[in-house]
Amino acid sequence: MPTADLDALVEEARAAIAATESPDDLTRVRAGYLGRKGTIAEVLRGIGKLAPEERSQVGAAANTAKRRVETLADERRAQLEQRATLQSLEEHRLDVTLAGAAPAAGHLHPITRVMRDMVDFFVSLGFSLEEGPEVETDWHNFEALNIPKDHPARDMQDTFYLEDGHVLRTHTSNVQIRVMTGRQPPFRFVAPGRVYRHDLSPRHSPMFNQIEGFMVDERVTFADLKGVLLAFGRHLFGDDVELRFRANHFPFTEPSAEIDYSCELCDSQGCKMCSGTCWVEWGGCGMIHPRVLERCGIDAQRYQGFAFGMGIDRTASRRYGIPHLRHLFEGDLRVLEQI
Ligand code: DAH
């Protein structure tokens with residue numbers, strides 16, 4: 001084959017290579033020129049048949065042509081690969097500036113939040129945290145608290161009795177007995193927890209939470225009780241809150257009082273939440289009855305103390321505007337997530 005034809009062959013290969021659209025395509029076209037049965041190999045094989053003076057000239061030209069086609073194919077392969085890379089990047093495009101999907105995070109239950117807030121306040125006053133059992137003996141729940149057998153608080157209507165004579169505690173006051181028995185004052189404790197009564201309405205639930213607090217020492221007075229509760233009220237409801245102590249009767253305190261706080265929502269104007277009275281019931285309190293101290297083995301001549309017990313759930317329902325206590329206990333996430 002004359003060298004001019006080899007040039008034409010290279011030009012033909014250049015066009016064929018440039019027209020390839022994929023690496024496979026290119027491999028096939030390249031083999032057509034450079035493979036063992038390809039056009040250039042054929043030329044090289046035919047050299048033997050040429051006249052001796054032509055052999056070296058055609059041989060050199062064929063080798064040159066071979067290298068040029070190789071270079072053209074290599075360049076085209078690089079081009080095709082780059083194009084494939086760009087195309088894949090385009091297809092799998094990732095917008096790193098898009099807002100991510102936030103993972104659903106849990107949060108504390110409103111009652112847990114209010115309970116912790118209350119406990120934190122008393123811890124800051126130097127009170128310790130105590131717990132008592134929810135399945136309780138008659139002694140701790142009633143008898144030691146000076147609640148005699150025929151007291152209305154023991155009525156089947158209110159108390160859940162277990163078959164073995166235990167009760168579900170009806171209040172957190174059992175913790176007073178649990179803490180004081182076998183120990184000597186001074187005491188400063190709060191005890192939050194679940195209590196149980198046979199009751200159901202928008203403002204009552206058969207299970208609810210109370211926080212009990214008490215302090216016993218040599219010179220504890222009702223004034224200490226008022227001071228502690230006023231500070232507690234201000235912490236929960238704001239500095240302008242007022243407290244009202246109404247004389248009442250609890251078997252385990254003497255004197256006893258019920259406490260109301262001034263409605264923080266209506267600013268003395270009367271509103272739905274306080275039924276127009278401007279006062280909200282908060283809990284009970286009093287000076288611990290000497291008989292209770294004695295039943296715990298404490299000298300009631302030497303020591304006095306105050307005690308109080310408040311509902312936690314009502315405070316939470318006011319704080320978060322929840323109309324029915326049921327919503328607090330059902331564990332319905334659709335409701336809880338709105339709070
Ligand atoms: N135990 C009472 C109740 O559940 C509340 C209470 C009243 C607790 C007076 C006290 C107290 O510690 O002194 O209704």
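Residues numbered from 1 in each chain as written. Predicted model: local features only at pLDDT ≥ 70, side-chain atom pairs only at ≥ 80, totals over all residues. Heavy atoms only, no water.

**A short note on the site of the ligand**
Around the ligand, 15 residues are found, and the nearest of them are His171, Ser173, Arg197, Gln210 and Glu212. Glutamine 176 is positioned with one of its side-chain polar atoms (N or O) 3.3 Å from an oxygen atom of the ligand. At 3.3 Å from an oxygen atom of the ligand is found a main-chain nitrogen or oxygen belonging to phenylalanine 308. Looking at the shell around the ligand, the elements with two or more residues in it are strand S5 (207-217), strand S8 (279-288) and strand S9 (304-311). (Near = heavy atom within 4 Å. Polar contact = N/O pair within 3.5 Å; in protein donor to acceptor, adjacent residues only side chain to side chain. Helix = DSSP H or I, 4+ residues; strand = E, 2+ residues; numbered from the N terminus.)

**Quick word on the domain arrangement of the protein chain**
When its domains are assigned, the protein chain resolves into domain 1 (3-90) and domain 2 (110-336). Once you take the C-alpha centre of each, domain 1 and domain 2 turn out to be 96 Å apart. (Domains from an automatic or database assignment.)

**A short note on the nonpolar core**
Core analysis: the biggest nonpolar cluster contains 39 residues, and Phe122, Leu229, Phe232, Trp282, Phe306, Phe308 and Met310 have the highest contact counts within it. Contributions of two or more residues to this core are made by helix H5 (110-124), S5, helix H8 (222-237), strand S7 (253-262), S8 and S9. Here this core takes seven residues from H5, the largest share from any one element. For phenylalanine 232, the contacting residues outside a window of four places in its chain are Met118, Phe121, Phe122, Trp282 and Met310. Among the nonpolar cores identified, the runner-up in size contains 23 residues, and Ala144, Leu145, Cys296 and Ala307 belong to it. (Core = buried A, V, L, I, M, F, W, Y, C linked by side-chain atoms within 4.5 Å. Buried < 20%, exposed > 50% of the residue type's maximum accessible area, 1.4 Å probe, protein only. Contact = heavy atoms within 4.5 Å.)

**Some thoughts on the pairing of S8**
Regular strands place side chains that alternate from one sheet face to the opposite one. Judged by how many residues are buried, S8 sits mostly within the fold: eight of 10 residues are covered. Here S7 pairs with S8 via eight bridges, running antiparallel. From the neighbouring strand, serine 262 faces S8, where its bridge partner is tryptophan 279. By the bridge criterion, five bridges tie S8 to S9 in an arrangement that is antiparallel. (Pairing = 2+ DSSP bridges.)

**Remarks on the sheet that holds strand S4 (residues 187-196)**
What the seven strands build is an open sheet, ordered S1-S4-S5-S9-S8-S7-S6; its pairing is mixed. Edge positions in the open sheet fall to strand S1 (128-129) and strand S6 (243-250), since each of these has one partner strand only. Across the sheet, H8 is in contact with S6, S7, S8 and S9; its angle to S8 comes to roughly 150 degrees. (Axes fitted to C-alpha atoms, helices over the stretch in contact; angles between N-to-C directions.)

**Regarding the pairing of S5**
Of all 11 residues in S5, nine are buried, a share of seventy percent or more. Here S5 pairs with S9 via eight bridges, running antiparallel. Following the sheet pairing, glycine 213 is matched in S9 by phenylalanine 308.

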